[in-house]
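Topology and contacts: notes
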Amino acid sequence: MKVGLFIPCYINQLYPQVGIATLELLEKLGMEVVYPTGQTCCGQPLGNSGYEEDSKGICQLFVENFKEFDYIVGPSGSCVYHVKKHFDILEQTEDVKRVRKNTYELCQFIYEVLGKTDLGASFPHKVGIHKSCHGLRGLRLGSCSERMDAHYSTEENLLKEVKGLELKTLNRVDECCGFGGTFSVFEEAISVKMGKDRIQDHIDSDVEVITGADHSCLMHLEGLINRNKQPLKVMHIAEILNSSI
């Protein structure tokens, strides 16, 4: 398989270690991975702010950069969801349809496409999962507490196979962290309170490391943790699945 590595803006600028972990993980799994150097933003910030029409050029550029790959894989549920669900603003050419269909969030790709769970990782810590809204309710990476569905979680399935990792159960397993992109700017006070509530749930559940598949949410939580000097570490799930501690 030839995989196009899609690295979102904030990971590229602020958390390059997540991009590196994603690349290393995919290569360990035998993928031929290519990073298109011309890639830019997927257009999500513009779309979320009501400027969908102005984002068409960015979206079309994404298609041009990734149209030749068998799969496009990125370590971000929200950005992947934007490509899959909101590139309907473009003319639905064969290239656009193929890119939308073949773009996957990292955990989703490993579990659903490759059919893998045990990746040979080792991480001897108590871990709590933050299940971000786009991944959970958009990409369906897991069951939602508001629906009467049987429980499942792609992230849990992968983390349970990590040697030494103790997965902790939260009191509110899939509550929003309050980030929501521009929501955290326009509704700062509400966003902060929601984030603090999520962090307290992890602390109450004896968690050492918060992880998840969307580093925008993790970035929000990490900012609050650092500001309040709380005893928690934040790591993207790609970093844990790529660990050999």
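Residues numbered from 1 in each chain as written. Predicted model: local features only at pLDDT ≥ 70, side-chain atom pairs only at ≥ 80, totals over all residues. Heavy atoms only, no water.

The name recorded for the protein in an unreviewed UniProt entry is (Fe-S)-binding protein, from Mariniflexile gromovii.

1. Brief notes about the environment of Gly195
Looking at the secondary structure, you find Gly195 in helix α11 (residues 188-204). Along the primary structure Gly195 and Glu222 are separated by 27 residues, whereas in three dimensions their C-alpha atoms are 9.5 Å apart. The contacts of Gly195, once residues within four sequence positions are left out, are Cys177, His220, Leu221 and Leu224. (Helix = DSSP H or I, 4+ residues; strand = E, 2+ residues; numbered from the N terminus. Contact = heavy atoms within 4.5 Å.)

2. A look at the packing of aromatic side chains
Tallied over the full model, the rule gives eight aromatic pairs. Ring centres of Phe66 and Phe69 lie 6.1 Å apart, and the angle between their planes is 50°; on these two criteria the pair is classed as tilted. There is no split in this pair, since Phe66 and Phe69 are both buried. An aromatic cluster is present here, built from Phe6, Phe62, Phe66, Phe69 and Phe87 joined pairwise through their rings. If you follow Lys84 out to its NZ or CZ, it ends over the ring of Tyr104, 5.0 Å from the centre. (Phe/Tyr/Trp six-rings, centres within 6.5 Å; stacked < 30°, edge-to-face > 60°. Buried < 20%, exposed > 50% of the residue type's maximum accessible area, 1.4 Å probe, protein only. Lys NZ or Arg CZ within 6 Å of the ring centre and 35° of its normal.)

3. Section: unusual backbone geometry
Despite not being glycine, Arg140 shows a phi value in the positive range, around 60°. Turning to its location among the elements, Arg140 is positioned in the loop between α8 (133-138) and α9 (154-159). Residue Arg140 is classed as partly exposed on the basis of its relative accessible area, which comes to 36%.

4. With respect to the sheet that holds strand β8 (residues 233-236)
Within a sheet, each strand pairs with its neighbour through backbone hydrogen bonds, oriented either parallel or antiparallel. Strand order in this open sheet of four strands is β6-β5-β7-β8, and the pairing throughout is parallel. Since the sheet does not close on itself, it has two edges, and those belong to β6 (166-167) and β8, each with one partner. In this sheet, β8 lies alongside strand β7 (residues 209-212) in parallel orientation, the contact comprising four bridges. Bridge pairing in β8 links Gly212 to His236. (Pairing = 2+ DSSP bridges.)

5. Examining the UniProt feature "domain: Cysteine-rich" (unreviewed entry) in the protein
Per the UniProt record, "domain: Cysteine-rich" (unreviewed entry) is annotated on residues 3-83 and 128-221. Summarising residues 3-83: 52% helix, 12% strand, and an end-to-end C-alpha distance of 16 Å. Helix makes up 43% of residues 128-221 and strand 9%, and the two end C-alpha atoms of the span are 13 Å apart. (UniProt positions renumbered as here; feature names shortened; annotations may be inferred.)

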